[in-house]
Amino acid sequence: MKKIGILGSTGSIGTQTLDIVRKEKDLEVVSLAAGSNVALLESQIREFKPRTAALWDEAAAADLRERVRDMPVRVVSGMEGLIEVSTEADMEILVTGIVGMIGIRPTIAAIEAGKNIALANKETLVTAGHIIMPLTKERGVSILPVDSEHSAIFQSMHGERRERVEKILLTASGGPFRGKTREELADMTVEDALKHPNWSMGKKVTIDSASLCNKGLEVMEAKWLFDVALSQIEVVVHPQSILHSAVQYADGGIMGQMGVPDMKLPIQYALFYPDRRPMDTGRVDLCKLGSLTFERPDTETFRGLALAYRAAERGGSLPTVFNAANEKAVALFLEKRIRFLQIPELIEAAMEAHHVVEDPTVEEILLAETETYEYIRQKFGEQTEK
């Protein structure tokens, strides 16, 4: 039995991971963590019987303790609880499906405890890649990407010499607004932005896909995961979402990974790497598909991607500011307090106001996040309430 833990068990990645556990009988869930969904976490505890479960909010955790008094599970809360879930004694691999920078400390704790990481939390490497990657080498643990694009790159590098990588071709669907002008984007609503043509994801990631900020975060993540220069990462818009990403090598050869757009494939690949287990998802019929198309991203209209490259090139604490400002801007957009085009405006303003820390510690990373939140609150509070 392979023993796993899940951060973010009630979210999109977490629930799909548990679908795989239901199918594969040699996986055992030993720990679960969620934000505030008491009812769903209770249901997961009763079905999967973990030893430890955590909720971020202590009041919610107290409610959960009462609900599962008849179960042999330890219910914990807060950051200490997340770390406890992430370091469960005989757990082999931790799925980090939690959203936001809250995932940094538990991920570091898991690595220090010798756990392999199935990484779905972008913020971990975007903001702390300079800390995380050396630590994984020191502790001898693996980071197995769960994001579909990074999993595709990882699979395309399997058996190849990393020094022969010439370029990473990071694909993007283009989201629901592909091809639209700035004038058209000015009138786009939250409901419009949430209509992703190919993928079923949480609201935050879906909005990020519409703005291409998600692709910017993936560029930063790829830089750390695969130890390449930013100049070696090329974003390619591929609206069919069949080629999930590819790698071009020194001889001009391109290796890519194709499949239906289903997150269960990269999740299962990470859990059982290097094995490939049968899956009952759909299959790509190339003849029926007929053609695949590719185009360059429009970074003039979708400025989030260009801002991400700028943040990554400057480095230090600036990627943290990009991530935090985007997180706040997306929340304001979902609350219908700002327009879609204001998302990159808020990000750029926060980046320009920030004094970059060159080699930030975890504490300095979290401080940069807090300061960015406060900057947006102070500078745009009145504007966003109109």
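Please refer to the structure placed before this passage.
Residues numbered from 1 in each chain as written. Predicted model: local features only at pLDDT ≥ 70, side-chain atom pairs only at ≥ 80, totals over all residues. Heavy atoms only, no water.

**Digging into the environment of Ser-231**
Step number 1: Along the polypeptide, Ser-231 turns up in the loop between helix 11 (213-225) and strand 9 (233-237).
Step number 2: For Ser-231, a relative accessible area of 70% puts it in the exposed group.
Step number 3: As for Ser-231 and Lys-167, which are separated by 64 residues in sequence, their C-alpha atoms are 8.2 Å apart. (Helix = DSSP H or I, 4+ residues; strand = E, 2+ residues; numbered from the N terminus. Buried < 20%, exposed > 50% of the residue type's maximum accessible area, 1.4 Å probe, protein only.)

**Things to note about the packing of aromatic side chains**
Step number 1: Using the criterion set out here, one finds five aromatic pairs in the structure.
Step number 2: When the centroid spacing of 6.4 Å and the interplanar angle of 75° are considered together, the rings of Phe-154 and Tyr-269 count as edge-to-face. Separated by 115 residues along the polypeptide, Phe-154 in helix 7 (residues 148-156) and Tyr-269 in helix 12 (residues 264-272) bring together distant segments of the chain.
Step number 3: Accessibility expressed as a relative area gives 7% for Tyr-269, which makes it buried.
Step number 4: A ring pair is formed by Phe-333 and Phe-340, whose centres lie 5.7 Å apart and whose planes are at 65°; its orientation type is edge-to-face. (Phe/Tyr/Trp six-rings, centres within 6.5 Å; stacked < 30°, edge-to-face > 60°.)

**A short note on unusual backbone geometry**
Step number 1: The omega angle of the peptide bond from Tyr-273 to Pro-274 is 5°, so this bond is cis rather than trans.
Step number 2: Mapped onto the fold, Pro-274 is located in the loop between helix 12 and helix 13 (286-289).
Step number 3: If you check the backbone angles, Leu-212 has positive phi at about 70° while not being a glycine.
Step number 4: Take Leu-212: it is sitting in the loop between helix 10 (203-211) and helix 11.
Step number 5: The backbone of Ser-241 shows a phi angle near 55°, a positive value even though the residue is not glycine.
Step number 6: Counting through the fold element by element, Ser-241 comes out in the loop between strand 9 and strand 10 (243-249).
Step number 7: Residue Ser-241 is classed as buried on the basis of its relative accessible area, which comes to 5%.

**Section: the environment of Glu-327**
Step number 1: Along the chain, the position of Glu-327 falls in helix 15 (residues 318-334).
Step number 2: Residue Glu-327 is classed as partly exposed on the basis of its relative accessible area, which comes to 22%.
Step number 3: In this structure the C-alpha to C-alpha distance between Glu-327 and Lys-204, which are 123 residues apart in sequence, comes to 7.9 Å.
Step number 4: Here Glu-327 is in contact with Gly-100, Glu-123, Lys-204, Glu-369 and Tyr-373, once residues within four sequence places are set aside. (Contact = heavy atoms within 4.5 Å.)

**Structural notes on the sheet that holds strand 4 (residues 74-77)**
Step number 1: Read from one edge of the open sheet, seven strands run 4-3-2-1-5-6-7, paired in parallel fashion. Of all the strands in the sheet, the pair left with one neighbour each is strand 4 and strand 7 (143-145). Strand after strand, the sheet turns through a mean of 25° between neighbouring axes, direction not considered.
Step number 2: Contacting strand 1 (2-7), strand 5 (93-96) and strand 6 (116-119), helix 5 (residues 104-112) runs over the sheet at an angle of about 145° to strand 6. (Pairing = 2+ DSSP bridges. Axes fitted to C-alpha atoms, helices over the stretch in contact; angles between N-to-C directions.)

**Let's talk about helix 16 (residues 342-353)**
Step number 1: Taking 1.5 Å per residue as the helical rise, helix 16 with its 12 residues ought to reach 16 Å, and the 16 Å between its terminal C-alpha atoms agrees with that figure.
Step number 2: Within helix 16, nine of the 12 residues are buried, leaving the element largely enclosed by the surrounding structure.
Step number 3: Regarding helix 16, the residues found buried are Gln-342, Ile-343, Pro-344, Leu-346, Ile-347, Glu-348, Ala-349, Ala-350 and Met-351. (Expected span 1.5 Å × (residues − 1).)

**Structural notes on the environment of Val-362**
Step number 1: Its place among the elements puts Val-362 in helix 17 (residues 362-384).
Step number 2: Residue classification places Val-362 among the buried residues on the basis of a relative accessible area of 12%.
Step number 3: Residues contacting Val-362, with those up to four places away along its chain left out, are Ile-104, Arg-105, Ile-108 and Ile-131.

**Concerning the pairing of strand 8 (residues 165-172)**
Step number 1: Counted residue by residue, strand 8 has six buried out of eight residues, so it is predominantly covered.
Step number 2: As judged from the four bridges shared by strand 8 and strand 10, these two strands associate in the antiparallel manner. From the neighbouring strand, Val-165 faces strand 10, where its bridge partner is Tyr-249.
Step number 3: In terms of strand pairing, strand 8 meets strand 9 through five bridges, oriented parallel. Residue pairing for strand 9: Leu-169 is matched across the bridge by Glu-234.

**Focus on the pattern of salt bridges**
Step number 1: Under the counting rule described, the total for this entry stands at 34 salt bridges.
Step number 2: Glu-28 is the salt-bridge partner of Lys-3, the closest N and O atoms lying 3.6 Å from each other. Of this pair, Lys-3 sits in strand 1 while Glu-28 sits in strand 2 (residues 27-34), and the two are 25 residues apart along the sequence.
Step number 3: A relative accessible area of 18% places Lys-3 in the buried class.
Step number 4: The salt bridge partner of Glu-363 is Arg-105, with a shortest N-O separation of 3.8 Å. (Salt bridge = Lys/Arg side-chain N within 4 Å of Asp/Glu carboxyl O.)

**Quick word on the side chain of Gln-44**
Step number 1: Inspection of the secondary structure assignment puts Gln-44 in helix 2 (residues 38-48).
Step number 2: Accessibility expressed as a relative area gives 4% for Gln-44, which makes it buried.
Step number 3: A distance of 2.8 Å separates a polar atom in the side chain of Gln-44 from a polar atom in the side chain of Ser-9.
Step number 4: Look past the residues within four positions of Gln-44 in its chain and what remains in contact with it is Ser-9, Thr-10, Thr-15, Leu-18, Leu-32, Lys-49 and Pro-50. (Polar contact = N/O pair within 3.5 Å; in protein donor to acceptor, adjacent residues only side chain to side chain.)

**Quick look at the pairing of strand 2**
Step number 1: Extensive coverage of strand 2 is indicated by the burial of seven of its eight residues.
Step number 2: Handedness of the β-α-β unit built from strand 1, helix 1 (residues 12-23) and strand 2 comes out right-handed.
Step number 3: One ladder, built from four bridges, connects strand 2 with strand 3 (residues 52-55); its direction is parallel. If you follow Ser-31 over to strand 3, its bridge partner there is Thr-52.
Step number 4: For the segment spanning strand 2, helix 2 and strand 3, crossover handedness is right-handed. (Right-handed = clockwise from strand over helix to strand, strands pointing away.)

Everything listed here is a matter of coordinates, which is why it stays silent on function.
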